[in-house]
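# Close look at the chain arrangement
Single-letter residue listing:
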Amino acid sequence: MNQQFLSIASTIIKNMYQIIMDINTSIVLTDKKGIIIEIWNNVAVLPEYRFPLSTGDSLHQNQAGLNAVFQALELDQYVEWHGFAGILNRLSDTYNVASPIHNAYDEIIGCIGIFGPQKSQKPEFVRGVMKITIDALEGQQKAIEFKGDYDKVYNQLLGTMETIPIGTIVTDRKLTIIHVNDAILKIFNNAIKDIVGQKLDEFLHTGTYFQAMIEEGKTMLDEEMTFPMPDGDVKCEVIVSLVKGVHNESPQGLVIKIKNTKYMYKFKKSRDEKKADYSFDDIAGNSIELQESIRLGKIAARSTSNVLITGESGTGKELFAQSIHNHSVRREGPFVAVNCGALPAGLIESELFGYEGGAFTGASKEGKIGKFECANGGTIFLDEIGDMPMSEQISLLRVLQNKEIVRVGGDRTIKINVRVIAATNRDIEKDVLNNKFRRDLFYRLNVFSIRIPSLNERIEDVLLLSELFMKRYSLKLNKEVTGMDDSVKQALLCHTWSGNIRELENIIERAVNIARYSKITADDLPENLKALCPFNSQNHTTPSDGIPLIQEMEKMAIIKGLQKCHGNISKTSELLGLGRRSIYRRLNQYGINHLHFKK
């Protein structure tokens, strides 16, 4: 039983208790297992009729002896009982009646029991009062659950309906339009107040077409229809789906998807400059840590919740944000990226929410729409959110809570439908504890968190990424660079990547630029990486035990690190720039026992 139902039940049962009007009668409400939730009795009850149990006690026969409540729950029916055993035995000359309470799907959710003197009430009177009370309780429970079912389905639909530029209409079971997305307003050139509340067939001038569909329980897939609207015929491809409850299979409404070629062309043309270019297929790497981040990213794409991406600078947080957008139902909508750390403190609100003409000195006379309006129907990516000043965070919090904005200098509330993906390279939880970031905003953003591993945590991906970057810049710079020396590979594996993938890409681009041969050599690396190259291009061999040279180099680097740190995994991890899990995985792979290096 939820709290809402318990509150309603309390009022109904109090009324029942007043009708019975007997100071020696007690009424109990239990859950479906017979645990007492609440007891109604009179302080003046005679000792022989005082109910001997309290809330939290069980009326199961093993604890309380045979009684009507236990029998009613076991048999799923109204039960009358006389005489007790066990703890209830002291209720001498007492009748006990009970009836189970059912939810909307005929499942038992609890029970009401009445305990009172046999001489004080007529059985038929008690039965009648019990029946009226049970009917009232079950009626309220059904109303709560049916509404919960509808709300659940409806909220799921809201998450999937904004596939811009496809228009979406949602109706209730009487075919009254209860929600439309922005594309419908554009396709039919109407305001939302002129659409919501109308009957579907009346709005689309379709006679009883959709009424027949819901009555017959039919759906429709990609049918061409022409709607005769006041401004002219609107030709569309239409998909119709039935809305059904979680338990109730009868149609609760329709969802109509409408594709209009003319509007889709306009939309695409106007939104081309605000799009995401990357998908999860563009994220390269085989490490366990990265694959886990990708797995979470794909789950986030199917969700409608806000996402917080964390990770060091240069790990590819925007790449993940774009991938989530392109795998979501909003992929046809705009993707707008904002670097919160680069916005001047005094102009953050006007950049994010726009401003009206003449709102401040230097403002355009025509005004300007903000980033949130630009992202309407799609995704806004708030990069470096941890660098936003505390004073500006409250305005962002209001947008996330209310899904509406007010332009600077204006008083008109503008509803927006934007999914927020935020990212930061800071330890934002630490900033919350140090009062450098609003706790309430953090909780709003951190609904679905994804951490992107640093390159040092996925060192096994370094050579794979290096090859990709080498091919990319060879093509871009029109150079025939097809490989790299083993000494270069070892240097890349041993380097501590403080700049992560961005640093690796820059190093490979530089090396391809200055390479004199078809292979990148140690001479093509920056000085700090040259120092990590013990082999030159003329001296690369394969170890006698058959281990590939690159792995042998990695093995030797780990052994040297363990020797230097006397077998301490944490210090070795820090020295080599590898995560502890990566160190342990390699110890197992190379058969190294770190305890041998302890002092």
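Data block above holds the structure.
A short tour of the structure in this document, coming up.

How each quantity is defined
- Residues numbered from 1 in each chain as written.
- Predicted model: local features only at pLDDT ≥ 70, side-chain atom pairs only at ≥ 80, totals over all residues.
- Heavy atoms only, no water.
- Salt bridge = Lys/Arg side-chain N within 4 Å of Asp/Glu carboxyl O.
- Buried < 20%, exposed > 50% of the residue type's maximum accessible area, 1.4 Å probe, protein only.
- Helix = DSSP H or I, 4+ residues; strand = E, 2+ residues; numbered from the N terminus.
- Expected span 1.5 Å × (residues − 1).
- Pairing = 2+ DSSP bridges.
- Axes fitted to C-alpha atoms, helices over the stretch in contact; angles between N-to-C directions.
- Contact = heavy atoms within 4.5 Å.
- Parallel < 35°, antiparallel > 145°, perpendicular 65-115°, else oblique.
- Nonpolar A, V, L, I, M, F, W, Y, C, P; charged D, E, K, R; others polar.
- Left-handed = near helix turned anticlockwise from the far one by under 90°.
- Core = buried A, V, L, I, M, F, W, Y, C linked by side-chain atoms within 4.5 Å.

Take the pattern of salt bridges next. Per the counting criterion, the structure on display carries 21 salt bridges. Across the pair Arg438 and Asp440 runs a salt bridge whose closest N-O atoms are separated by 2.8 Å. Assessed through its relative accessible area of 25%, Arg438 is described here as partly exposed. Look at Asp440 and you get partly exposed, because its relative accessible area is 30%. The partner of Arg586 in a salt bridge is Glu460, and the shortest N-O contact between them spans 3.0 Å. In this pair, Arg586 is assigned in helix 22 (residues 580-590) and Glu460 in the loop between strand 17 (448-451) and helix 16 (462-476), connecting sequence segments 126 residues apart.

Over its 18 residues, helix 1 (residues 3-20) extends 26 Å from the first C-alpha to the last, a length consistent with the 26 Å expected when each residue adds 1.5 Å. Those residues of helix 1 that sit buried are Phe5, Leu6, Ala9, Ser10, Ile12, Ile13, Met16, Tyr17 and Ile20. Within two residues after helix 1, Met21 carries a phi angle of roughly 50°, on the positive side.

The subject of this paragraph is the sheet that holds strand 2 (residues 36-40). Taken together, five strands build an open sheet; the order of strands is 2-1-5-4-3 and the sheet is antiparallel. What marks the edges here is a single partner per strand, and that holds for strand 2 and strand 3 (79-82). For this sheet, the mean angle separating the axes of adjacent strands, direction not counted, is 20°. Looking at chain direction, strand 1 (residues 26-31) and strand 5 (residues 108-117) are connected through six bridges and run antiparallel. Counterpart to Thr30 in the pairing with strand 5 is Cys111. Against the sheet, helix 1 makes contact with strand 1, strand 2, strand 4 (94-102) and strand 5, and its axis sits at roughly 160° relative to strand 1, the strand it touches most. Of the strands in this sheet, strand 1, strand 3, strand 4 and strand 5 touch helix 3 (residues 68-75), which is tilted by about 30° from strand 4.

Let's shift gears to the packing of helix 21 (residues 569-576) against helix 22. In contact at an axis separation of 9 Å, helix 21 and helix 22 are set at 105° when each is read in the N-to-C sense. Judged on the interaxial angle alone, helix 22 and helix 21 are roughly perpendicular. Contacts from Ile569, Ser570, Thr572, Ser573 and Leu576 in helix 21 reach Arg580, Ile583, Tyr584 and Leu587 in helix 22. Tallied by class, residues from the contact of helix 21 with helix 22 come to five nonpolar, three polar and one charged.

At a minimum axis distance of 9 Å, the contact between helix 16 and helix 18 (residues 500-514) shows a crossing angle of 45°. Judged on the interaxial angle alone, helix 18 and helix 16 are oblique. Here helix 16 and helix 18 pass one another in a crossing that is right-handed. Residues Val462, Leu465, Ser466, Phe469, Met470, Arg472, Tyr473 and Ser474 of helix 16 form the contact with helix 18, whose own contacting residues are Ile501, Leu504, Glu505, Ile508, Glu509 and Val512. Residue classes in the contact of helix 16 with helix 18 are distributed as nine nonpolar, two polar and three charged.

Glancing now at the nonpolar core. In terms of nonpolar packing, the biggest core is built from 37 residues, with Val462, Leu492, Trp497, Leu504, Ile508, Ile520 and Ile592 touching the most fellow members. Counting only elements with at least two residues in this core, the list comes to helix 16, helix 17 (486-494), helix 18, helix 20 (549-564), helix 21 and helix 22. Ranked by the residues each element gives to this core, the list is headed by helix 18, at six residues. Ranked by size, the runner-up nonpolar core spans 31 residues in total, among them Val336, Cys374, Leu397 and Val432.

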